[in-house]
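The chain contents come next:
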Amino acid sequence: PTTYKEAANSLVRSQRSHRLLLGHVNLFKYDEPHHIEKPRRRLYKDLLYLWKRYVVRSVTEKDYAPWDIAHSNPEAYNTYQNALQMKQDGVGFPFFKPEVAVKFVYDDVKYPYDYAHLSGMKLVNIGRKPHDHPTGIVHMPGMHVDEIGLTSEKYIPINATLTSLPLRVSFDRSDMVDDKKRTTATAGGISPARWRLLSHLSTALEDQKQLGFEQSDIDDLRRLIADTNVTLLLITIMASALHLLFEFLTFKNEVSFWNRNKDLTGLSVRSLFLDMLSQVVILMYLIEEDSSLLMTVPTACGCAIALWKCQRGAGFKFVPTDNESSLSKVSWWNVIPRMVGYELRATRLEVASQSENEKKEGTQNNTKKELAALTIETDRIATKTLGSVMLPVVLVYTVYSFIQEEHHGWYSWLITSASSAVYALGFVLMTPQLFLNYKLKSVAHLPWRVLC
């Protein structure tokens, strides 16, 4: 063909005679804005602004407060507010797909006539009944547009400032490509079984939105399927299954241990509180960063269990106020309970003071109480020493982050700095328990079923 019309007619005739496969690919989609990034700023500029305004008094009407993003950074503010409003109203935003991966699905399997429609292939009546096809009906090869690896951050938002758009097109044939060269689950040509599996996974991933999953959660699953080596993907799935099993057994044995525990000898209660505080910080950081539910939900469950362990370890209880305690100094957390005649006490940690009183009265101490008192005192010393050593390090990093890095706000700065300290120094939380093991010259008191 020499003209466009002749070429079009030739393509139509080839398609009608089933010698040519034609399909269409949507390069645009309308969807809610993804990955809405809050405007950031350097917080030390807030202090400089306050210094200039209230101390030096050199602020003019043209100088806006750094935290007033609408005036200090109007472009980022307007973009953020528009994206939030569109997501809240459910208004679709135009996105361009920069990647198109077309897969040729060739299937040479002969299906029974009654089950041929279940193959997913297009059935065609060829009008004759040759020896190879006694029914006269054949199934055409499939054309699959693989978008399972097209995560939301790869989409390009369409606006008036764009002058060009990138497009990468790939075409793979399963009947011509060596299957040994495949590196990921979606690379190269695909067999009919893999085609059906990927089609099912694509539909299942989109259905996750109806269950409350965010786009970031779906993107995590897309990356896991599309960007991971096939062998590594299988190993990851097996390791994840084993990890979930072991984590469940750990939670089960830990809950069982602390539920039956009646003696704190050799156990660091302060380590429990440090662990609980660390998990709460990590949970607040994940919520602040709008992280995936796949990470947030297990962390929240861990926080609940850590909080319960702290209650079991310290033995917090509301007890009636006696005459001796009514004359003592009131702690801030007992101001309101004292009004109704109660106070909050860590009953399991009071064994230390009781043991000291028994020593003064000249009574013969029980060995078990002595060990419990030694445990609590050693735990207190180890935690105090650890805090005095690590606090300057955390403060130095916090100040560095305050000056050099940009944050959404003051709360974001505090949570980010605290979570970075927890991630970097989390192993140090075991120091009080290690110090206890050294002092007692024993590890028999540890929950071995949890550790193993």
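Residues numbered from 1 in each chain as written. Predicted model: local features only at pLDDT ≥ 70, side-chain atom pairs only at ≥ 80, totals over all residues. Heavy atoms only, no water.

### Section: the nonpolar core
Then step 1. One finds Val-105, Met-121, Ile-148, Ile-190, Trp-195, Leu-198, Leu-205, Ile-218, Ile-225 and Ala-226 forming the largest nonpolar core, which totals 10 residues.
Then step 2. At the level of elements, helix H5 (192-207) and helix H6 (215-226) are the ones that each hand at least two residues to this core. (Core = buried A, V, L, I, M, F, W, Y, C linked by side-chain atoms within 4.5 Å. Buried < 20%, exposed > 50% of the residue type's maximum accessible area, 1.4 Å probe, protein only. Helix = DSSP H or I, 4+ residues; strand = E, 2+ residues; numbered from the N terminus.)

### Comments concerning the environment of Ala-314
Then step 1. Relative to the elements of secondary structure, Ala-314 occurs in helix H9 (residues 293-314).
Then step 2. For Ala-314, a relative accessible area of 0% gives the class buried.
Then step 3. Distance in space between the C-alpha atoms of Ala-314 and Leu-272 is 9.4 Å, their sequence separation being 42 residues.
Then step 4. Once you skip the residues sitting within four places of it in the chain, Ala-314 turns out to touch Val-269, Phe-273, Ala-346, Thr-347, Arg-348 and Leu-349. (Contact = heavy atoms within 4.5 Å.)

### Things to note about a nonpolar patch on the surface
Then step 1. Taken together, the side chains of Phe-318, Val-330, Trp-332, Trp-333, Val-335, Ile-336, Met-339, Val-340 and Tyr-342 present a nonpolar region at the surface, about 1,100 Å² in accessible area.
Then step 2. The dominant element in the nonpolar patch, judged by the number of residues it contributes, is helix H11 (residues 335-339), at 3 residues.
Then step 3. Mapped onto the secondary structure, Val-335 falls in helix H11. (Patch = residues over 30% accessible without salt bridge, like charges linked within 9 Å, V, L, I, M, F, W, Y side chains within 5 Å. Areas by Shrake-Rupley, 256 points an atom, 1.4 Å probe, with all protein chains shown as cover. Salt bridge = Lys/Arg side-chain N within 4 Å of Asp/Glu carboxyl O.)

### Some points on the pattern of salt bridges
Then step 1. Here the structure, examined in full by the defined rule, presents 3 salt bridges.
Then step 2. The salt bridge partner of Asp-46 is Arg-41, with a shortest N-O separation of 3.0 Å. Arg-41 shares its class with Asp-46; the two are buried.
Then step 3. Lys-97 is the salt-bridge partner of Glu-147, the closest N and O atoms lying 2.9 Å from each other. Taken together, the positions of Glu-147 in the loop between strand S6 (142-146) and strand S7 (156-157) and Lys-97 in the loop between strand S2 (93-96) and strand S3 (99-105) put the pair 50 residues apart, joining distant regions of the chain.
Then step 4. Glu-147 sits in the partly exposed class, given a relative accessible area of 27%.

### Points about the packing of H5 against H6
Then step 1. Where H5 contacts H6, the two axes come as close as 10 Å, and the packing angle between them is 160°. Comparing their axes, H6 and H5 come out roughly antiparallel. You can see that H5 and H6 cross each other, and the crossing is right-handed. In contact with Leu-201, Leu-205 and Glu-206 of H5, H6 contributes Ile-218, Leu-221, Arg-222 and Ile-225.
Then step 2. Grouping the amino acids of the contact of H5 with H6 by side-chain chemistry returns 5 nonpolar, no polar and 2 charged. (Axes fitted to C-alpha atoms, helices over the stretch in contact; angles between N-to-C directions. Parallel < 35°, antiparallel > 145°, perpendicular 65-115°, else oblique. Left-handed = near helix turned anticlockwise from the far one by under 90°. Nonpolar A, V, L, I, M, F, W, Y, C, P; charged D, E, K, R; others polar.)

### Some words on the packing of aromatic side chains
For any pair of aromatic rings, the description consists of the separation of the ring centres together with the inter-plane angle of the planes.
Then step 1. Applying the stated criterion across every chain yields a total of 7 aromatic pairs.
Then step 2. When the centroid spacing of 5.5 Å and the interplanar angle of 45° are considered together, the rings of Phe-402 and Trp-410 count as tilted.
Then step 3. We classify Phe-402 as buried; its relative accessible area is 10%.
Then step 4. Above the face of the Tyr-155 ring, Lys-29 is positioned so that its terminal group lies 4.2 Å from the ring centre. (Phe/Tyr/Trp six-rings, centres within 6.5 Å; stacked < 30°, edge-to-face > 60°. Lys NZ or Arg CZ within 6 Å of the ring centre and 35° of its normal.)

### Regarding helix H8 (residues 269-288)
Then step 1. Taking 1.5 Å per residue, 20 residues should reach 28 Å; H8 reaches 29 Å between its end C-alpha atoms and fits that length.
Then step 2. Among the residues of H8, Val-269, Ser-271, Leu-272, Met-276, Ser-278, Val-281, Ile-282, Leu-283, Leu-286 and Glu-288 are the ones counted as buried.
Then step 3. Asp-290 lies just past H8 and shows a positive phi near 55°. (Expected span 1.5 Å × (residues − 1).)

### What to know about unusual backbone geometry
Then step 1. Of note in the backbone geometry, Arg-57 takes a positive phi value of approximately 55° without being a glycine.
Then step 2. In this fold, Arg-57 is placed in the loop between helix H2 (44-56) and helix H3 (69-72).

### Details of the sheet that holds S2
Then step 1. Here 3 strands make up an open sheet; going across it, the order is S1-S2-S7 and the pairing antiparallel. Looking at which strands have only one partner, the edges of the open sheet turn out to be strand S1 (28-31) and S7.
Then step 2. As judged from the 4 bridges shared by S1 and S2, these two strands associate in the antiparallel manner. By the bridge assignment, Asp-31 is partnered in S2 with Phe-93. (Pairing = 2+ DSSP bridges.)

### Some thoughts on the pairing of S6
Along a regular strand, successive side chains alternate from one face of the sheet to the other.
Then step 1. Side chains of S6 alternate between two faces, with Gly-142, His-144 and Asp-146 buried and Met-143 and Val-145 left unburied.
Then step 2. Bridge count between S3 and S6: 5 bridges; the pairing is antiparallel. Residue Val-102 lies in a different strand from S6, and its bridge partner there is Val-145.

### Some points on the confidence of the model for the protein chain
Then step 1. For the protein chain, the average pLDDT comes to 76, and 79% of its residues sit at 70 or higher.
Then step 2. When pLDDT is averaged over each helix and strand of the protein chain, the minimum, 50, is found for helix H12 (residues 351-360) and the maximum, 87, for H2.
Then step 3. Counted against residues more than four places away or in other chains, residues 359-365, with its pLDDT under 50, gives 5 contacts. (pLDDT = per-residue confidence, 0-100.)

### Concerning the state of the cysteines
Then step 1. Considering all chains together, one arrives at 0 disulfides under this definition.
Then step 2. With no disulfide partner, Cys-303 has as its closest neighbouring cysteine sulfur the one in Cys-301, 9.2 Å distant.
Then step 3. What makes Cys-303 buried here is its relative accessible area of 8%. (Disulfide = S-S within 2.5 Å.)

### Some thoughts on the environment of Ala-204
Then step 1. Along the chain, the position of Ala-204 falls in helix H5.
Then step 2. Judged by relative accessible area, Ala-204 falls into the partly exposed class, the value being 25%.
Then step 3. The sequence separation of Ala-204 and Ile-218 amounts to 14 residues, and the corresponding C-alpha distance is 9.9 Å.

### Regarding H5
Then step 1. Its 16 residues give H5 an end-to-end C-alpha distance of 23 Å, which sits within 8% of 22 Å, the value for a rise of 1.5 Å per residue.
Then step 2. What H5 keeps buried is the set Pro-192, Trp-195, Leu-198, Ser-202 and Leu-205. End-on, the buried residues of H5 take up no more than an arc of 155°, which puts them together on one face. Residues Ala-193 and His-200 are exposed on H5 and point more than 90 degrees away from its buried face.
Then step 3. Against the buried residues of H5 lie S3, S6 and H6. (Arc of directions from axis to C-beta.)

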